[in-house]
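Single-letter residue listing:
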Amino acid sequence: MPDVFLRVNNIYKSFAGVKALRNVNMTLNYGEARCLVGENGCGKSTLIKVISGVYKPDSGTIELNGKTYEKLEPMESIENGIQVIYQDFSVFPNLTVAENIAMNTLRAEKAKLVNWKTIRRTAQEALDRIGVKMDLETNIEKLSVADRQLIAICRSLLNDVKLIIMDEPTTALTKKEVNSLLNIIRNLKKDGISTIFVSHKLDEVMEVSDTVTIMRNGEVVADGEVKDFDMSKFVYYMTGREVTTEKFVPTYEDQSELLRVENLSAKGGFKDISFTLNKGDVFGITGLLGSGRSELAQTLFGYYRATAGNIYINGVKTEIKNITDAMDEHIGYVPEDRLTQGLFLSQPIKINLLASVLDVYTKKMQLMDKEGQQEAVDKQVHDLAIKTPDVDNLVSTLSGGNQQRVVLGKWLATLPQILILNCPTVGVDIGSKEEIHNIIKKLANAGMGIIIISDDVPEVMNTCNKVAVMKKGRLINTYTHDEVTEEQLSSELS
Amino acid sequence: MNKDQTLKSKKTNLNSNLLGLFIFMVAVFIVMGLIKPQTYFSAANFQSMCFQFPEIGILAIGVMLPMITGGIDLSMVGISNLSAIVAALFMIHVIPEGASEGTQVVMVITAFALAIVVGIACGFFNGLIVTKFGTPPMIVTLGGQYLFMGIAIILTEGKPQLGFPEFFQELGNGTIGGAIPIPLVFFIIVAVITYYILQKTPYGLKLYLIGANQKASRYSGLKVDSLLRKTYGAAGLMSAIAGFILIARTNQANADYGTSYTLQSIMIAVLGGTNPNGGAGTVSGVVMAVLTMQFISTGINTMGLSNVNFLRQLVWGVALIAVMAINYFSAARKAKKALQST
Amino acid sequence: MEKSKWKRLTEKNEFYLFFTVVALIVIISVINPAFATVSSVIDILRAGIELAIFAIGMFMIIVLGGIDVSCASIGMFAMFTTTKIFYEAGYTGPLFPFYLVAALFGLMWGLANGVIITSLKIPPMIATLATNGIMTGLLLFFIGSREISDVPHAIRVENKNFLLTVTNEYGISSSLPATFLVLVGIVVVVYLLMRFTMLGRNIYAVGGDETSAARAGINVKFTKIFTYAFAGIIFGIGGMVHTIMMANSNPVDLTGNEMITIAAVVIGGARLTGGHGSIFGTLLGVFLVTIINNSLILIGIPSFWQRFVTGLVIVVGASISAYQALRTQKQMNIEIAG
């Protein structure tokens, strides 16, 4: 048996002109646990999809068990014993827990027929393996995010699996569940099964991995044994520079109360949330996926309706029943998923920037005021330094960072007094990330109240002057930024 | 690439689809004319064409609106017939025997208003179900087609309604100055107003945004539900206008007239560049598609073969797939080009 | 466990549909006892055979997340072309070749639909709208537009082939035709396919989430083409059944049936967004539509009301399941501590 299970050779891959992978090489031995780290948007997920056959590389080859593939098909990847736990879980919402879990086994066995007893047994065994109890006959669409993630993990633990790739497998899991997952990885290693572990939680990564590949802007920038790296070295390779941790100190003079939330609750979302946001504050709410963080943000924006509790804006009790109410109160919301919730990809940059203020720039007879619109667009492009030759180009031609600025610009055009940002720098390159943070700080210092929802602890520590931890639908602790350390926040999070 | 260049390439890009359609239309016009030039290129033939296409043309412009938002309306013919029947019943039963010209005009205008109200109400009903319950537009309007036609059948007990004032029949068969058919005037008014709304008003732009990404539209604070209700209402309004012209032309109202128009109007809208997934569609494109269709129909008819109208469906089907194929391959080529240019 | 089983049952659309149908039957029977007889049951079964066959083909396509507005045209094309071929050849042999040839025509058009949809990435509604035009054009212009009433012998024989005949007290007899067995056969085959083969489960998976399906190694393109082709076969057979039951082949007979077919499947609980639906539900949907069209008159509702009531059932039925889906989607799903 050869030592090397997987070899990735000189992979290049581009999407619509954006180079996602450049000359990527990686080797993985049997039983090796390798972690793949890098900032968001560095190409980790793309590399994984190339290995799993979902994406075909523009050039380069993949070697599995000594066999070379130029265009690997998903089924070939599966037949070679590769299983992937995707970041978005990739489960089937319309099928039952049992079928979702057993499906990969059946497919790997090339089954033609379905035996429902076997399906239930396979599923039950997989659940037992990670020590989870779940009703096998429930449709996935009724489950919580954490349960879906557990199912995604479960179904990859096949009998003859050779390599398990985990793309951010712990985003929704509690500390206990993460620990049991790490134990599973240790056991797999003993059985000679390889793992590739993608995570931005460095402590997890260091705990289980033997080797590490660090990526930045689509390239591998470092490769070696985990023991040769320490935290600062990791960060240096990931970001390409020594990161300065200068904390945000609000400087806006009138720090009077802007938003006060008292015992806000929403059924199935969160309970008894209370906090205060002053003018010039950047308030960070950090929590796991499924902690209720997004639900809270979206309730403040009127997407969901609160079932109890009060909201005061500038000291006045206010009801936010829908998004229109929120916009009347000058609340803006930059959503979590830029591509599906934030942008109109098939439309020009200009239209994207104007989407929320179309009714503002009108003339008589309901006509659009093209000059007014153009001025508004030019202002945002200038203020946010959006890099484009022409605002009539499609927004899809922009890089992730510039796209995020367009979403931000759309809201700044509405002149908000409160701006809620849900994971504002996901999928944004490191340079843009810092610039977006600077924009946020600048806006706060001009008197805006800003709420940032993020599970990126360093981001929260760097940009916020107040931080709260959200867990299981509750705001468990609120700190000012000098009362708490990054490590403390990270451990409270999960 | 400097700014001027990008701007230029972008603009030509936007118009290239319409230009393609225009060339296609002219080509069809000439080719069809060559079959029997004397008959085809005559004033009488042009006039007769201008009597024929306004109804389907108005329906196609109407169905384009929900399609731009990513929806569809399969109930337009049902709405046409129902609103026409309500107008017909009004004219038959309310207008007194031997009424003066003036009374007739007032009554016909009232009947028109009645048809419009019914049309908007039906469309609004579609929109209400779509937005309140999240029912897919296709199934709502499919059910709507049954409902509206059902009401029309109940009102008429399935019998055709006849006997309209003479003035009314003029609306479907008369001309202005002996040259311009009145139905064509209706069509032009509908086309111009729709063009104005889509291109110049915030409402129009919002329709495209909803079609491009409904979720993002909600998160951008657009009142998506109310916009959609208005859009289905507008489609209902246009159905009513088409139905009104139809009964004026044929001088009778039927509960189940022109059911094949439903799918035809959708086909025309798609041929005219309306994206069935939403986000794109122009009045000028649909107008050209309607004209192209009419040229094909008339040309085939001049062949004088029996059953020749069946051939038309075949040609339309092929044309639709051809257009979609061209769109697909040109999009694929563009994507490839974009890849190479970086 | 027993309780959760019951609870799961109550979450299914078929559950409510079943009781709606039962309630309707009870109401009609109470108002008009003539309805609660074997002969009227047979009449309804007979009236529903054709719609049921088409609906099962459509059910597969809707589970896949597609739609086929050319289904009626496929049926028409298959039945008329087949009848014409055998008619002109002066064929006098047994019936089976009719089904076979009709199924092949159905397969041909189903394949065409599947290939066009997958290779040109055209929305299924538009693609099948186009092929619908092509099929009817080809059929009516090139193959023929005049009905064949002097159908081949085997069809006439099969037309009079009944499984059972019941005569009621008024001396009117109701018969269950042998074509019912064709329906039964299709139901069994499609049930087994959808429930017990990987291919069938792949159809559900593709309808549920296409991206996930591709990642899981499912050949999405093949699954789609297969589904349209298989449904095409069913539509072809459905067309043949129509000709047999009419003892007449009219190339415009089924026009417009695509809409009621889609409606029956949707009433049966399938979601147009794909991934949801069952054969049982589809059959219930067909049953409900058939009762409305055939039996409302028994309780004094004039036949003018049929269309309206059908429309009402479509809108209400589809809206109930859509609203449930909307609520699940809008519901927050967070475990709250304490």
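In this convention, every chain numbers its residues from 1, walking through the sequence in written order. Each chain is given a letter, starting from A, and each ligand a number, starting from 1, according to the order in which they appear as written. Predicted model: local features are reported for residues with pLDDT of at least 70 only, side-chain atom pairs are reported and counted for 80 or more only, and whole-chain, interface and lining totals are derived from all residues.

1. Observations regarding the overall build of chain A
Our working definition: Where helices and strands are cited, they refer to DSSP runs of H or I of at least four residues and of E of at least two residues respectively, numbered from the N terminus. Two things to know: the radius of gyration comes from C-alpha atoms, and the globule rule equals 2.2 Å times the number of residues to the power 0.38. Throughout, a pair of residues is in contact if the C-beta atoms placed from their backbones lie within 7 Å.
From N to C terminus, chain A includes 17 helices and 20 strands. Taking 494 residues into account, the globule formula puts the C-alpha radius of gyration at 23 Å, and chain A, at 24 Å, falls close to it. Across its three principal directions, the C-alpha atoms of chain A cover 75 × 50 × 50 Å. Here the contacts in chain A between residues at least 6 apart in sequence split such that 70% fall between residues at least 24 apart.

2. Remarks on the overall build of chain C
Just so we agree on the cut-off: Put plainly, a residue is buried at 20 or more neighbouring C-beta atoms within 10 Å of its own, exposed at 12 or fewer, and partly exposed in between, counting only other residues' C-beta atoms, which are placed from the backbone.
Counting its regular elements, chain C contains 14 helices and two strands. The C-alpha radius of gyration computed for chain C amounts to 21 Å, which stays within 12% of the reference 20 Å derived for 338 residues, consistent with globular compactness. Projected onto its principal axes, the C-alpha coordinates of chain C cover approximately 80 × 55 × 35 Å. The buried share of chain C, taken over its 338 residues, is 51%. Within chain C, residue pairs in contact and separated by at least 24 positions form 77% of the contacts whose partners lie at least 6 positions apart.

3. Focus on the pairing of strand β19 (residues 466-471) of chain A
Residues and elements named next belong to chain A. Keep this limit in mind: Strands pair, by our definition, only if DSSP identifies at least two bridges between them.
In terms of residue burial, β19 counts as a mostly covered element, since five of its six residues are buried. Where strand β13 (residues 282-287) and β19 come together, five bridges link them in parallel fashion. Note that in β19 the partner of Gly287 across the bridge is Met470. Looking at chain direction, β19 and strand β20 (residues 474-480) are connected through six bridges and run antiparallel. Considered in β20, the bridge of Lys466 is made with Thr480. Count of turn residues in the β19/β20 antiparallel hairpin: two residues, of which Lys472 carries a positive phi of about 45°.

4. Focus: the pairing of strand β10 (residues 219-225) of chain A
Sheet topology places strand β9 (residues 211-216) of chain A next to β10(A); six bridges connect them, and they run antiparallel. Across the sheet, residue A:Arg216 finds its bridge partner in β10(A), namely A:Glu219.

5. What about the sheet that holds strand β17 (residues 418-422) of chain A?
All names here are of chain A. For the record, the criterion: Only the stretch in contact is used when a helix axis is fitted, and all axes are lines through C-alpha atoms; the angle between N-to-C directions ranges over 0 to 180 degrees.
Taken in spatial order, the six strands make up an open sheet running β16-β17-β18-β13-β19-β20, and their pairing is mixed. Each edge of the sheet is formed by a strand with only one pairing partner; in this case those strands are β16 (331-334) and β20. Across this sheet, the average inter-strand angle for adjacent strands is 15°, counted without regard to direction. Sheet strands in contact with helix α17 (residues 486-493) are β13, β19 and β20, and its direction is about 20° off that of β19.

6. Focus: the packing of helix α3 (residues 38-64) of chain C against helix α9 (residues 198-208) of chain C
All names here are of chain C. Here is the rule we go by: With respect to orientation, any angle under 35 degrees is reported as roughly parallel, any angle over 145 as roughly antiparallel, any angle of 65 to 115 as roughly perpendicular, and every other angle as oblique. Only Asp, Glu, Lys and Arg are considered charged, only Ala, Val, Leu, Ile, Met, Phe, Trp, Tyr, Cys and Pro nonpolar, and every remaining residue, Gly among them, polar.
Closest axis-to-axis distance for the α3/α9 pair is 6 Å, and the angle between their directions is 50°. Taken together, the axes of α3 and α9 are oblique relative to one another. In this structure, α3 uses Met60, Val63 and Leu64 to contact α9, whose residues at the interface are Ile203, Tyr204, Val206 and Gly207. Partitioned by chemical class, the residues of the contact of α3 with α9 number six nonpolar, one polar and no charged.

7. Remarks on the sheet that holds strand β12 (residues 270-278) of chain A
All names here are of chain A. Across the sheet, which stays open at both edges, the four strands sit in the order β12-β11-β14-β15 with antiparallel pairing between neighbours. The open sheet has two edge strands with one neighbour each: β12 and β15 (316-318). Pairwise comparison of adjacent strand axes, ignoring direction, gives a mean angle of 20° for this sheet. Alignment of strand β14 (residues 308-313) against β15, held across three bridges, turns out to be antiparallel. For Ile311, the partnering residue across the bridge sits in β15 and is Thr318.

8. A short note on the domain arrangement of chain A
Note the threshold: An automatic or database domain assignment supplies the residue ranges for each domain.
Under the domain assignment used here, chain A contains domain 1 (4-239) and domain 2 (257-493). Each of domain 1 of chain A and domain 2 of chain A was reduced to a C-alpha centroid, and the two centroids are 32 Å apart.

9. Some thoughts on the packing of helix α3 (residues 43-68) of chain B against helix α12 (residues 261-271) of chain B
All names here are of chain B. The condition that has to hold: By definition, turning the near helix anticlockwise from the far helix through less than a right angle yields a left-handed crossing, and turning it clockwise yields a right-handed one.
Running from N to C, α3 and α12 cross one another at 70°; their axes reach a closest spacing of 8 Å. By the angle between their directions, the pair α3 and α12 is classed as roughly perpendicular. Along this stretch, α3 crosses α12, giving a crossing that reads as right-handed. Contact with α3, carried on its side by Ile56, Leu59, Ala60, Val63, Met64 and Met67, involves Tyr261, Gln264, Ser265, Ile266, Ile268 and Ala269 of α12 and no other residues of that element. Grouping the constituent residues of the contact of α3 with α12 by class yields 10 nonpolar, two polar and no charged.

10. So, unusual backbone geometry
In terms of backbone geometry, most residues other than glycine have negative phi values and most peptide bonds are trans. Here A:Phe89, not a glycine, exhibits a phi torsion of approximately 70°, which is positive. Following the sequence through the fold, A:Phe89 ends up in the loop between β6 (82-85) and α3 (97-108). The exposure class assigned to A:Phe89 is buried, which follows from the 24 C-beta atoms found within 10 Å. Positive phi, close to 50°, is recorded for C:Ala247, a residue that is not glycine. Along the chain, the position of C:Ala247 falls in the loop between α11 (220-246) and α12 (257-267). Taking the number of C-beta atoms within 10 Å as the measure of exposure, C:Ala247 has 15 and is therefore partly exposed.

11. Concerning the interface of chain B and chain C
At the junction of the two partners, chain B supplies 40 residues and chain C supplies 42 residues. When residues of the side of chain B that touches chain C are traced back to their parent elements, those giving at least two are α5 (101-133), α6 (137-156), α12 and α14 (308-341) of chain B. With 13 residues, α6(B) is the largest single contributor of residues to the side of chain B that touches chain C. Here the residues of the side of chain B that touches chain C sort into 28 nonpolar, 11 polar and one charged.

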